[in-house]
Amino acid sequence: MSDDSGSANPGRSGRATERTTGAPAAPEPGGPWSRRLVDRLPGLTVAVAVAAVATVVGGWFPLVGGPVAGIVIGVVLAAVRRPAERLKPGITTASKFVLQLSVVLLGCQLSLTQVVRVGGSSLPVMLGSLVACLAAAYFVGRRLGIGRDLRTLIGVGTSICGASAIAAVTPVIGAASAEVAYAVSTIFLFNIAAVLVFPVLGHLLDMSQQAFGLFAGTAVNDTSSVVAAAATYGDEAGQYAVVVKLTRTLLIIPICLWLAALTKRRALTAGTGGPGVGGPSAGRPGAGGPGAGPRLNVLKLVPWFLVGFLLTALVNTLGLIPDRAHPGLTTLCVFMITVALSAIGLTTDLRGLRRAGPRPLLLGACLWVVVSVTSLALQYLTSSL
């Protein structure tokens, strides 16, 4: 019979000695990456399963789409039963890392050559409607008492490209899941309104195919809604609107950089690292020397997934992505956004949505009108109408 405290159990005594002496412990079987994968697999599986169902629902109702269906199904499931603790690591990974990867894949849809070709006529309209929408989001949102992150998400989603823009901005500003859910739902509601109203308005204004394509490409958000609104008006309008919309996607880059700078400046001023900012001296006013205020590290302003977005757009522009691969990559990108939004829905606090009340919807309505009117006015002023 052996002594339990002696040499009969060398593994236990060895680890205790290592902790006492500070010697490095031997790696456990499987390694840290395999353990992390095992921890995250259940939650990721749930998020993917919800996204698969949402994709089917989105196929039945194209105007709704998979991403919106995913966040709605996720919110409903969370209301019925909150995810168990063991699912949370995987759901968190889906709502953050998968969301960032989807932004990288978004670049595969973009050709910088198309941007140059369309830019001359559409850039003034895109930039003007962007500035008008973001300004209205700030002033009207503050007037309505809407929180900074929520009004930012609704403003960026309305002015750029709906769920894709919200996906890119969310990790930059560290928005809560309830705010993301409300913003996506708000954008979706007014996309549906645009699909129904804009073709009628275009005929009333006797707009040409190209003029309506520019209008739909700048004033409607998600790609499915842009296609639905413009294709109803005509094939030429549909093709032009998609190019304008994809060109508009590039505006994600300066907006993310600007928001990253603002977020980190606030974090430094408040004495915290903020999203993506670390370092023990980050919040000390005197960290840069005597009398120096908070400083920004310019390199840290650029999120890695934004660099990936640019690289994939460049690779696509150079023709290194075969044409036959584009449909599959686009489907994968949409599915990854659906997985991420499904995960966000699963972690959404419905009480937070109820507390927000109808004011975010009112803000969304105001921004929708601002973008629509600004787009038409700028087309008229630039003789594009």
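Residues numbered from 1 in each chain as written. Predicted model: local features only at pLDDT ≥ 70, side-chain atom pairs only at ≥ 80, totals over all residues. Heavy atoms only, no water.

(A) The arrangement of a nonpolar patch on the surface in detail. A cluster of nonpolar side chains, Val307, Leu311, Leu314, Val315, Leu318 and Leu320, forms an exposed patch at the surface whose accessible area comes to about 540 Å². Mapped onto the elements of the fold, Leu320 is located in the loop between helix H13 (304–317) and helix H14 (326–346). (Patch = residues over 30% accessible without salt bridge, like charges linked within 9 Å, V, L, I, M, F, W, Y side chains within 5 Å. Areas by Shrake-Rupley, 256 points an atom, 1.4 Å probe, with all protein chains shown as cover. Salt bridge = Lys/Arg side-chain N within 4 Å of Asp/Glu carboxyl O. Helix = DSSP H or I, 4+ residues; strand = E, 2+ residues; numbered from the N terminus.)

(B) Quick look at the environment of Asn191. Turning to its location among the elements, Asn191 is positioned in helix H8 (residues 177–204). Sequence separation between Asn191 and Ser225 is 34 residues; the distance between their C-alpha atoms is 6.1 Å. Look past the residues within four positions of Asn191 in its chain and what remains in contact with it is Val220, Asn221, Asp222 and Ser225. (Contact = heavy atoms within 4.5 Å.)

(C) Structural context of the side chain of Asn316. Here Asn316 is to be found in helix H13. Setting aside chain neighbours within four positions, we find Asn316 in contact with Gly107, Cys108, Gln109, Leu110, Ser111, Ile321 and His326.

(D) Geometry of H14. An ideal rise of 1.5 Å per residue puts 30 Å on 21 residues; H14 measures up with 30 Å between its terminal C-alpha atoms. Residues of H14 that are buried include every one of Cys333, Met336, Ile337, Thr338, Val339, Ala340, Leu341, Ser342, Ala343, Ile344, Gly345 and Leu346, and no others. (Expected span 1.5 Å × (residues − 1). Buried < 20%, exposed > 50% of the residue type's maximum accessible area, 1.4 Å probe, protein only.)

(E) Representation of the packing of helix H9 (residues 209–219) against helix H11 (residues 235–249) in the model. Across the interface, H9 lies against H11 with an axial gap of 7 Å and an inter-helix angle of 35°. Relative to H11, H9 is oriented so that their crossing is right-handed. Note on element contacts: H11 touches H9 through Asp235, Glu236, Ala237, Tyr240, Ala241, Val244, Lys245 and Arg248, opposite Gln209, Gln210, Phe212, Gly213, Leu214, Ala216, Gly217, Thr218 and Ala219. Residue composition of the contact of H9 with H11, grouped by class: eight nonpolar, five polar and four charged. (Axes fitted to C-alpha atoms, helices over the stretch in contact; angles between N-to-C directions. Left-handed = near helix turned anticlockwise from the far one by under 90°. Nonpolar A, V, L, I, M, F, W, Y, C, P; charged D, E, K, R; others polar.)

(F) Inspection of the packing of helix H4 (residues 88–106) against H14 at higher detail. Remark: H4 packs on H14, axes separated minimally by 8 Å, with the N-to-C direction vectors making an angle of 155°. The angle between the axes of H4 and H14 places the two elements in the roughly antiparallel class. Considering the relative orientation of H4 and H14, their crossing is left-handed. In this structure, H4 uses Ile91, Ala94, Ser95, Val98, Leu99, Leu101, Ser102, Leu105 and Leu106 to contact H14, whose residues at the interface are Leu329, Leu332, Cys333, Met336, Ile337, Val339, Ala340, Ala343, Ile344 and Leu346. Taken together, the residues of the contact of H4 with H14 sort by class into 17 nonpolar, two polar and no charged. (Parallel < 35°, antiparallel > 145°, perpendicular 65-115°, else oblique.)

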